[in-house]
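# Tertiary structure, described
Each chain, written out:
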Amino acid sequence: MSETERKWWKEAVVYQIYPRSFRDSNGDGVGDLRGIIEKLDYIKSLGVDVVWLNPIFASPNDDNGYDVADYRAIMDEFGTMADFDELLEGMHARGIRLVLDLVANHSSDEHFWFQESRKSRDNPYRDYYHWWPAEQGPPPARWSFFDVEGSAWKYDAPTDAYYLHYFSVKQPDLNWENPKVRQEVHDLVKFWFDKGIDGFRMDVITFISKDLPFRELPAKYDGNFVQYYAEGPHLHEYLREFNREVLSKYDIMTVAEGPGTTTENVLDFVDEDRRELNMSYHFDISNLGHKDLAKKLMDPAGWDFREFKRIFARWDAVFREKGWGTVYLGNHDFPRMVSRWGNDAPEWREISSKLLTTFLLTMRGTIYYYFGDELAMTNIRFERIEDYRDIMTINLHKLIEAEGGDLAEFMESQKLIARDNGRTPFQWDASANAGFTSGTPWLAVNPNHTEINAAAQEDDPDSPLNYFRRMIRFRRENDALIYGQTEYFAIDDDAVFAYTRTLGDRKLLILLNFTDRETAADTGFDYEGAKYLFGNYDGFDGRLKPYQAAILEI
Ligand code: GLC
Ligand code: CA
């Protein structure tokens, strides 16, 4: 087997910060860049290599910055360009790289381009977006993720036409078929690379090429919009052009948010010989356990652990020889890691969170770790729709209400899956508002901050926070965990996840008990001569305690 080519971004642990919720420096209730600057030493202390910030560009915040009104300006609430420059410098001075979020499938409707585009049918910016003239009759159905009626077409009276918006009505889709639009995106990306940033995460980049001229959806995609949106005819042509014109000229990393990517097609994006992107992240894991994905309803039976294992193993296999994978268990679009995949009941919260941290940091691929998960922060589980701030939850609630659907079921599901669960402010300490803000937080602080917070965990060697730091160091000191190949064992066991990571003559065995019961570790290995190296209990005696994670050298 060929040796994987070594690259800094393959070895990286990426720490994702949702800037709105990290630290508010001026008391307006919204996290900001100066707040991140204040906490740079904390970030450094974690041992992470890269920080990815969710969008920080000028935005009316219909979708918290995923609706950009000016790609070259900083959002007022987040600060100024001078703050940004200081932040970037502060990160680089600490040896941390900075990755921003490119939201280029759509812009805000308040972007100058759209303001012009909607003025007249012959405006020079008309073709920056997708328009359907009303005289052609109603456009073929397209689903919108955030629309109160579920439709991705919005009628716009001034020019008697509909515009396309896969997300909210305030997020019109940019027309990548227009070479001028692609040039604009290239230019703005260069602008940020020339400032010295180290890469981009690319928001729904799989959706950029549209199926012009918008025919009826082929029957095989009925209901499966994500897949259809991700298979646009010119997608790879645009990515290769992007790579050739811009990306290949800098030492940066790129990672696609890859809804609709599958184990069959993902190498088309990340096989290095194709010169498109470095990495992509898929949704197979995050989609587990849903009863209705579009309406975000969860299956009361929960998620299937064996399927979870099979998905990881299947994706891992794709990148054995080519490309490179990504591993994550949470981000700003998903609930808290420990609430979703571990057990956030008081007696299991810390230990199961350490299990998940061990899992993430022993997998092959670049690790994406979501801020606050290092504290084992939990879902807030709002009871009332008024407590939510996320457009997705609010608009789905309206849609289900209008359809006469089961709102109680929806609200229960939201406690498990709503994005706001992962967006509540970072819990710095036990004081009012968790040390996040001196004002009124934009989204409620979890009342459990009096117990779960960074200050309390800082001096406790056994805290999830310090476990995370140790685990990162352990990964860095053991190359096999980064570049080693993976082999899976006991794949049908319904409690244990077991795999080895092998590099040269080093072989590490990772044993993870995902349940709250003690269990045998029937993996086929003889543990006699094995050496215990690392884990969340004091050693390993041949059986696995509840939520035990053990790393052995064999
Ligand atoms: C991506 C983002 C999500 C956003 C959506 C629209 O899925 O991660 O937060 O709402 O795109 O931009
Ligand atoms: Ca602020």
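These remarks concern the structure in this document. Not measured: the values here are computed from a predicted model.

## Quick look at helix H9 (residues 305-318)
- Taking 1.5 Å of rise per residue, the 14 residues of H9 would be expected to cover 20 Å, and the 21 Å separating its terminal C-alpha atoms lies within 8% of that figure.
- Looking at H9, one finds that the buried residues are Phe305, Phe308, Lys309, Ile311, Phe312, Ala313, Trp315, Asp316 and Val318.
- On its buried face, H9 sits against helix H8 (267-270), strand S14 (326-328), helix H10 (337-341), helix H11 (349-360), strand S16 (485-489) and strand S17 (496-503).
- Where H9 starts, the residue carrying a side-chain oxygen 3.0 Å from the main-chain nitrogen of Arg306 turns out to be Asp304.

## Thoughts on the nonpolar core
- Ranked by internal contacts, the top residues of the largest apolar core, which has 169 residues, are Tyr42, Ile43 and Phe308.
- Leave out the neighbours within four places in its chain, and Phe308 touches Ile285, Leu288, Trp303, Leu329, Trp341, Phe359, Phe497 and Phe514.
- Core analysis: the next-biggest nonpolar cluster, separate from the first, contains 12 residues, Phe489, Val496, Leu511 and Phe540 among them.

## A look at the sheet that holds strand S8 (residues 161-164)
- Ordered in space as S6-S8-S7, the three strands form an open sheet in which the pairing is antiparallel. Edge strands, defined here as strands with exactly one partner in the open sheet, are strand S6 (131-133) and strand S7 (153-156). Between one strand axis and the next, the sheet turns through 30° on average, direction left out of account.
- As paired elements, S7 and S8 share four bridges and run antiparallel to each other. Its bridge partner being in S8, Trp153 is matched across the sheet by Leu164.

## What about the coordination of the calcium ion (ligand 2)?
- Distances from the calcium ion (ligand 2) to its protein donors, Asp24 (OD), Asn26 (OD1), Asp28 (OD), Val30 (O) and Asp32 (OD), fall at 2.2 to 2.3 Å.
- Look at where the donors of the calcium ion (ligand 2) fall in the sequence and you get D-x1-N-x1-D-x1-V-x1-D.
- What makes Asp24 buried here is its relative accessible area of 1%.

## Re the site of ligand 1
- Taken together, the neighbourhood of ligand 1 is formed by 14 residues, with Asp63, Asp203, Glu257, His332 and Asp333 sitting nearest.
- The separation between an oxygen atom of ligand 1 and a polar side-chain atom of Glu257 is 2.7 Å.
- In this structure, an oxygen atom belonging to ligand 1 sits 3.0 Å away from a side-chain N or O atom of Arg419.
- Compared with its free state, where it exposes 310 Å², ligand 1 has 96% of that area covered by protein.
- Within the shell around ligand 1, the residues separate by chemical class into four nonpolar, three polar and seven charged.

## Topic: the environment of Thr159
- Mapped onto the fold, Thr159 is located in the loop between S7 and S8.
- Residue class for Thr159 comes out buried when judged on its relative accessible area of 7%.
- In contact with Thr159, other than residues within four places in its own chain, are Arg118, Lys119, Ser120, Arg121, Arg126 and Trp131.

## Notes on the packing of aromatic side chains
- Tallied over the entire structure, the rule returns 69 aromatic pairs.
- Between Tyr281 and Tyr328, the ring centres sit 5.0 Å apart and the planes meet at 65°, which makes this aromatic pair edge-to-face. Taken together, the residues Tyr281 in strand S11 (residues 279-281) and Tyr328 in strand S14 connect sequence positions 47 residues apart.
- According to the relative accessible area criterion, Tyr328 is buried, its value standing at 9%.
- Judged by centre distance (5.9 Å) and plane angle (50°), the ring pair of Trp324 and Tyr483 falls under tilted. With Trp324 in the loop between H9 and S14 and Tyr483 in helix H16 (residues 479-483), the pair connects residues that are 159 residues apart, well separated along the chain.

## Side note on the side chain of Asp24
- Take Asp24: it is sitting in the loop between strand S1 (13-17) and helix H1 (33-38).
- The charged side chain of Asp24 is buried without a salt bridge, its nearest counter-charge being Arg23 at 6.7 Å.
- At 3.1 Å, the side chain of Asp24 and the backbone nitrogen of Asn26 are in polar contact.
- Leaving out residues up to four positions away in the same chain, Asp24 has contacts with Gly29, Val30, Gly31, Asp32, Phe436 and Thr437.

## Quick look at helix H5 (residues 179-195)
- End to end, H5 covers 25 Å across 17 residues, agreeing with the expected 24 Å (1.5 Å per residue, within 8%).
- Every buried residue of H5 is accounted for by Val181, Arg182, Glu184, Val185, His186, Leu188, Val189, Trp192 and Phe193.
- With a side-chain oxygen positioned 2.9 Å from the backbone nitrogen of Lys180, the residue opening H5 is Asn178.
- Taken from the residues just after H5, Gly196 is the one with a positive phi, measuring 110°.

Parameters and conventions
- Residues numbered from 1 in each chain as written.
- Chains lettered and ligands numbered in written order.
- Predicted model: local features only at pLDDT ≥ 70, side-chain atom pairs only at ≥ 80, totals over all residues.
- Heavy atoms only, no water.
- Helix = DSSP H or I, 4+ residues; strand = E, 2+ residues; numbered from the N terminus.
- Expected span 1.5 Å × (residues − 1).
- Buried < 20%, exposed > 50% of the residue type's maximum accessible area, 1.4 Å probe, protein only.
- Contact = heavy atoms within 4.5 Å.
- Polar contact = N/O pair within 3.5 Å; in protein donor to acceptor, adjacent residues only side chain to side chain.
- Core = buried A, V, L, I, M, F, W, Y, C linked by side-chain atoms within 4.5 Å.
- Pairing = 2+ DSSP bridges.
- Axes fitted to C-alpha atoms, helices over the stretch in contact; angles between N-to-C directions.
- Donors = N, O, S within 2.8 Å, 3.2 Å for Na, K, Ca; no water.
- Near = heavy atom within 4 Å.
- Areas by Shrake-Rupley, 256 points an atom, 1.4 Å probe, with all protein chains shown as cover.
- Nonpolar A, V, L, I, M, F, W, Y, C, P; charged D, E, K, R; others polar.
- Phe/Tyr/Trp six-rings, centres within 6.5 Å; stacked < 30°, edge-to-face > 60°.
- Lys, Arg positive; Asp, Glu negative; His and termini not counted.
- Salt bridge = Lys/Arg side-chain N within 4 Å of Asp/Glu carboxyl O.

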